[in-house]
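Breakdown of the fold
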Amino acid sequence: MAGAATEIAKNMEEKAEAPVTVAPTKTVDAAGAGEAETTVIKVAPPKTAEVENKPAEEEVKTTDTTSLVGKLETDVEIKASAEQFHHMFTGKPHHVSKASPGNIQGCELHDGDWGKVGSIIFWNYVHGKLTLLYKSFFPHILIYNGEAKVAKERIEAVEPEKNLIKFRVIEGDLMKEYKSFVITIQVTPKHGGTGSIVHWHLEYEKISEEVAHPETLLQFCVEVSQEIDEHLLNEEA
């Protein structure tokens, strides 16, 4: 009986000691796991989101800028001198309507002086889109559907030694389709002969992809140049 009692007491002591040995180990492991989980949830996701989103924003900005901004240029050969043509836009732009009445209806000085940087000029003009009237093998017949339009421009630069003048459109019909629109006209004497070359440079930013590049306006500039040239030659005759 004494042996049996001793064995029972020994078993009870072993059972009592078992929780003391095992339980603290489990508690330490659980605390460690909890800390690791908190670190992953609070720190890792924000870093991942920042890295993924930043390149995407930069890519959109680059795409928008390159697709909406544009430049168009053309050269027009004229018989008048470079100084004469340049003076039409600096000294007497209100005479352009006399030279090209079908395209320019009027030009008024709203602020400043003719040909001075910062001055504001208001234009009335007729411009439209090309329409295909008749199509056969050749030639195609194209017509302009002209509409009366207006443009308020500020003179941005004048360089008499280069026969250059630059206008920035600040109000009017063009601002319905373009965020910015700058027109530069520079006239250069021909090398080894009489006459000049008129260089037109249009720099712009469209408000959306649906807006067309102003190619018809560039053709409009060519026609105005040719009619101004004829007008200047007739004045000399």
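Residues numbered from 1 in each chain as written. Predicted model: local features only at pLDDT ≥ 70, side-chain atom pairs only at ≥ 80, totals over all residues. Heavy atoms only, no water.

In this section: the environment of Lys-98. Within the element layout of this structure, Lys-98 appears in helix α3 (residues 96-99). Separated by 129 residues in the primary sequence, Lys-98 and Glu-227 place their C-alpha atoms 9.5 Å from one another. (Helix = DSSP H or I, 4+ residues; strand = E, 2+ residues; numbered from the N terminus.)

Moving on to the packing of helix α2 (residues 82-90) against helix α4 (residues 215-236). Interhelical geometry of α2 versus α4 gives an angle of 110° and a closest axis separation of 10 Å. In terms of orientation, α2 lies roughly perpendicular with respect to α4. Regarding α2 and α4, the two cross each other, and that crossing is right-handed. Along its contact with α2, which presents Gln-84, Phe-85, Met-88 and Phe-89, the element α4 presents Ser-225, Ile-228, His-231, Leu-232 and Glu-236. Its residues placed into classes, the contact of α2 with α4 shows five nonpolar, three polar and one charged. (Axes fitted to C-alpha atoms, helices over the stretch in contact; angles between N-to-C directions. Parallel < 35°, antiparallel > 145°, perpendicular 65-115°, else oblique. Left-handed = near helix turned anticlockwise from the far one by under 90°. Contact = heavy atoms within 4.5 Å. Nonpolar A, V, L, I, M, F, W, Y, C, P; charged D, E, K, R; others polar.)

For the structure shown, the criterion picks out seven aromatic pairs. Geometrically, the ring pair formed by Phe-89 and Trp-200 is edge-to-face, given 6.0 Å between the ring centres and 85° between the ring planes. With a gap of 111 residues between them, Phe-89 in helix α2 and Trp-200 in strand β7 (residues 196-206) connect regions that are remote in the sequence. Pair check on accessibility: Phe-89 and Trp-200 agree, each one buried. (Phe/Tyr/Trp six-rings, centres within 6.5 Å; stacked < 30°, edge-to-face > 60°. Buried < 20%, exposed > 50% of the residue type's maximum accessible area, 1.4 Å probe, protein only.)

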